[in-house]
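Results of the structural survey
Spelled out, the chains give:
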Amino acid sequence: MRALVINCTLKPSPAPSNTEALAAVVAEALEKQGVTVGWVRAVDHDIKPGVESDMGDGDQWPAIREQILASEILIIATPTWVGHPSSVAQRVIERMDAMISETDDAGCPVAYNRVAGVVNTGNEDGAHHVISEICGALVDIGFTIPAQAWTYWHLGPGGGPNYLDDQRGHDWAASTGRAMAQNLVTAAAALAVTPLKAPPD
């Protein structure tokens, strides 16, 4: 089983990422269950604006899309900015919009039989809003969202420290992240045995 974490931090590599640090907790739990985990820091790539799978010359999204389709599990990891997912996360979701109309050889939407979850960090409140926005979009695209397929960390309301700067709340976020990993693997395994079928005519 394979998983892909798309880190939607605004910080290009090699800058430390609070969101990546929490996503790594989930990735470690997945690896302990035998899942191979890949990583993409989206801001490091030239992802063109648009809602097609390939926006032409220089667009690096097609290679990321191939990694998504090669994985049974997708994790969107994003910080909270102004109460919303990062602009990078929004760009990723917009590019995934094309998958809604794409099907495999059996006529099944390409995102079907894949599960997804969300990791969120921020020094302000709004985690449930961010998670709801991303999960809603992923369901529209065709992913299955298991129960409690998310974890987050913040010390809101109001501004405060970053995840890497403060140990408060880490135990809860880690425990929730391990539950998230378990639920993602369980749902992905169930779909492998009884997959969703192509929509009826």
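Everything below is about the structure printed above this text.
Residues numbered from 1 in each chain as written. Predicted model: local features only at pLDDT ≥ 70, side-chain atom pairs only at ≥ 80, totals over all residues. Heavy atoms only, no water.

**A few points about the overall build of the protein**
Assigned secondary structure in the protein consists of 5 helices and 6 strands. Shown N-terminal to C-terminal, the secondary structure of the protein runs as helices and strands in the order β-α-β-α-β-β-α-β-α-β-α. Against the 2.2 N^0.38 benchmark of 17 Å for 201 residues, the protein shows a C-alpha radius of gyration of 16 Å, consistent with a compact globule. By its C-alpha atoms, the protein is 50 × 40 × 25 Å across when sized along the principal axes. Residues counted as buried form 47% of the 201 residues belonging to the protein. For the protein, long-range pairs separated by at least 24 residues make up 78% of all intrachain contacts whose partners lie at least 6 apart in sequence. Distance from the positive charge centre (12 side chains) to the negative charge centre (24 side chains) of the protein: 5 Å. (Helix = DSSP H or I, 4+ residues; strand = E, 2+ residues; numbered from the N terminus. Rg over C-alpha atoms; globule rule 2.2 N^0.38 Å. Buried < 20%, exposed > 50% of the residue type's maximum accessible area, 1.4 Å probe, protein only. Contact = heavy atoms within 4.5 Å. Lys, Arg positive; Asp, Glu negative; His and termini not counted. Charge placed at Lys NZ, Arg CZ, Asp CG, Glu CD.)

**Topic: the pattern of salt bridges**
As enumerated under the stated definition, the model contains 8 salt bridges in all. One salt bridge connects Arg65 with Glu102, and the closest N-O pair in it is separated by 2.9 Å. Here the residue Arg65 occupies a position in helix H2 (residues 61–69), and Glu102 occupies one in the loop between helix H3 (87–96) and strand E5 (115–121), the gap between them amounting to 37 residues. Per residue, the accessibility class of Arg65 equals that of Glu102, and both read buried. Residues participating in the shared-partner salt-bridge network are Arg65, Glu66 and Glu102. (Salt bridge = Lys/Arg side-chain N within 4 Å of Asp/Glu carboxyl O.)

**Brief notes about the side chain of Glu102**
In this structure the side chain of Glu102 is engaged in a polar contact, spanning 2.5 Å, whose partner is the side chain of Ser53. Sequence-distant contacts of Glu102, defined by excluding residues within four places in its chain, comprise Ser53, Arg65, Cys108, Pro109 and Val110. (Polar contact = N/O pair within 3.5 Å; in protein donor to acceptor, adjacent residues only side chain to side chain.)

**As for the pairing of E5**
Among the 7 residues that make up E5, 7 are buried, leaving the element largely enclosed by the rest of the structure. Burial along E5 is two-sided: the residues Val115, Gly117, Val119 and Thr121 and Ala116, Val118 and Asn120 are all buried. Pairing of strand E3 (residues 73–81) with E5, which is carried by 7 bridges, proceeds in the parallel orientation. Bridge pairing in E5 places Ala77 opposite Val119. As judged from the 4 bridges shared by E5 and strand E6 (residues 150–153), these two strands associate in the parallel manner. Looking at E6, one finds that Asn120 is bridged to Tyr152. Handedness of the crossover joining E5 and E6 through helix H4 (residues 127–141) is recorded here as right-handed. (Pairing = 2+ DSSP bridges. Right-handed = clockwise from strand over helix to strand, strands pointing away.)

**Re the nonpolar core**
The biggest cluster of nonpolar side chains holds 31 residues, and the ones touching the most others in it are Ile6, Ile68, Leu74, Val92, Met96, Leu138 and Phe143. Looking at this core, the elements that each hand over two or more residues are strand E1 (2–7), H2, E3, H3, E5 and H4. Among the elements that line this core, the one with the most residues is H4, at 8 residues. When sequence neighbours within four positions are dropped, the list of residues in contact with Leu138 reads Leu74, Ile76, Ile93, Met96, Ala116, Phe143 and Ile145. Counting residues in hydrophobic clusters, the runner-up holds 28 residues, among them Ala173, Met180, Ala181 and Leu191. (Core = buried A, V, L, I, M, F, W, Y, C linked by side-chain atoms within 4.5 Å.)

**Describing the pairing of E1**
The element E1 is extensively covered by neighbouring structure, given that 5 of its 6 residues are classed as buried. Handedness of the β-α-β unit built from E1, helix H1 (residues 18–32) and strand E2 (residues 36–41) comes out right-handed. Where E1 meets E3, 5 bridges bridge the pair, whose relative direction is parallel. Each bridged residue has a counterpart across the sheet, and for Val5 the counterpart in E3 is Ile75.

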